[in-house]
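Listed below, chain by chain, are the residues.
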Amino acid sequence: MGCRQVLAKRALVRIVRTEEGPRVDPTGKAAGRGAYLHALRSCWEKGLKGPLAYALKTELTEPDREFLRMFMARLPDEADEADLAEVKPDQEGAERPM
Ligand SMILES: [Zn+2]
């Protein structure tokens, strides 16, 4: 969204529009209009300036922005992009070698 960086799909965070406002959707399957942002702070800063509200077809209230900024604050910035691109498939639930 408004970003031409190509990153692994797992490096995307889905945001879904709910009646309570935009929420982060870790499953990627929640019902509702969704939008994707890279898990990078710089992308969220850009998204919050307009493209995110446009993609969700909603207005972001000040509490909505506050909520999204709190999530954004935990994301890595551009410097870690290389690491994000190499995120491996989720191993949870898989058998691990002894
Ligand atoms: Zn991006």
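Residues numbered from 1 in each chain as written. Predicted model: local features only at pLDDT ≥ 70, side-chain atom pairs only at ≥ 80, totals over all residues.

**Q** Honestly, the overall build of the protein chain in this entry has me stumped. Any pointers?
**A** When helices and strands are tallied, the protein chain shows 4 helices and 3 strands. Along the protein chain, helices (α) and strands (β) appear in the sequence β-β-β-α-α-α-α when read from the amino end. Relative to its full complement of 98 residues, the protein chain shows a buried share of 17%. Considering only intrachain contacts with a sequence separation of at least 6, the fraction spanning at least 24 residues in the protein chain is 65%. (Helix = DSSP H or I, 4+ residues; strand = E, 2+ residues; numbered from the N terminus. Buried ≥ 20, exposed ≤ 12 C-beta atoms within 10 Å, placed from the backbone. Contact = placed C-beta atoms within 7 Å.)

**Q** What am I meant to see in helix H1 (residues 41–48) here?
**A** Quick reminder: α-helices carry 3.6 residues per turn. Residues three or four places apart thus point the same way. Taken together, the buried positions of H1 are Cys43, Trp44 and Gly47. Each buried residue of H1 sits inside an arc of 100° when the element is viewed along its axis, so together they form one side. (Arc of directions from axis to C-beta.)

**Q** Is there a simple way to explain the environment of Ala55 in this structure?
**A** By secondary structure assignment, the location of Ala55 is in helix H2 (residues 51–56). On the basis of neighbour counts, which here come to 18 C-beta atoms within 10 Å, the residue Ala55 falls in the partly exposed class. Along the backbone, Ala55 and Gly34 are 21 residues apart, and their C-alpha atoms lie at a distance of 7.7 Å.

**Q** Would you mind going over the pairing of strand E1 (residues 12–18) with me for this structure?
**A** Within a regular strand, the side chains alternate between the two sheet faces. Where burial is concerned, the two faces of E1 differ: the one with Val13, Ile15 and Arg17 is buried and the one with Leu12, Arg14, Val16 and Thr18 is not. Strand direction decides the pairing type here: E1 and strand E3 (residues 34–38), joined by 5 bridges, are antiparallel. The partner of Leu12 across the bridge, within E3, is His38. In this sheet, strand E2 (residues 21–25) lies alongside E1 in antiparallel orientation, the contact comprising 5 bridges. In the strand pairing of E2, Ile15 is matched with Val24. (Pairing = 2+ DSSP bridges.)

**Q** Which parts of the structure should I look at to understand the environment of Lys49?
**A** Topologically, Lys49 is positioned in the loop between H1 and H2. Judged by the 10 C-beta atoms lying within 10 Å of it, Lys49 falls in the exposed class. Separated by 16 residues in sequence, Lys49 and Arg65 have C-alpha atoms that sit 10.0 Å apart.

**Q** Explain the nonpolar core to me, please; I cannot follow it from the model alone.
**A** What tends to happen in soluble globular proteins is that the nonpolar side chains get buried as a cluster. Counting 12 residues, the largest nonpolar core consists of Ala11, Val13, Ile15, Ala35, Leu37, Ala39, Leu40, Cys43, Trp44, Leu52, Leu68 and Met72. Residue assignment for this core shows that the elements contributing at least two residues are E1, E3, H1 and helix H3 (62–72). Sequence-distant contacts of Leu68, defined by excluding residues within four places in its chain, comprise Pro22, Trp44 and Leu48. (Core = buried A, V, L, I, M, F, W, Y, C linked by C-beta atoms within 7 Å.)

Take it as geometry only, folks, not as evidence of what the structure does.
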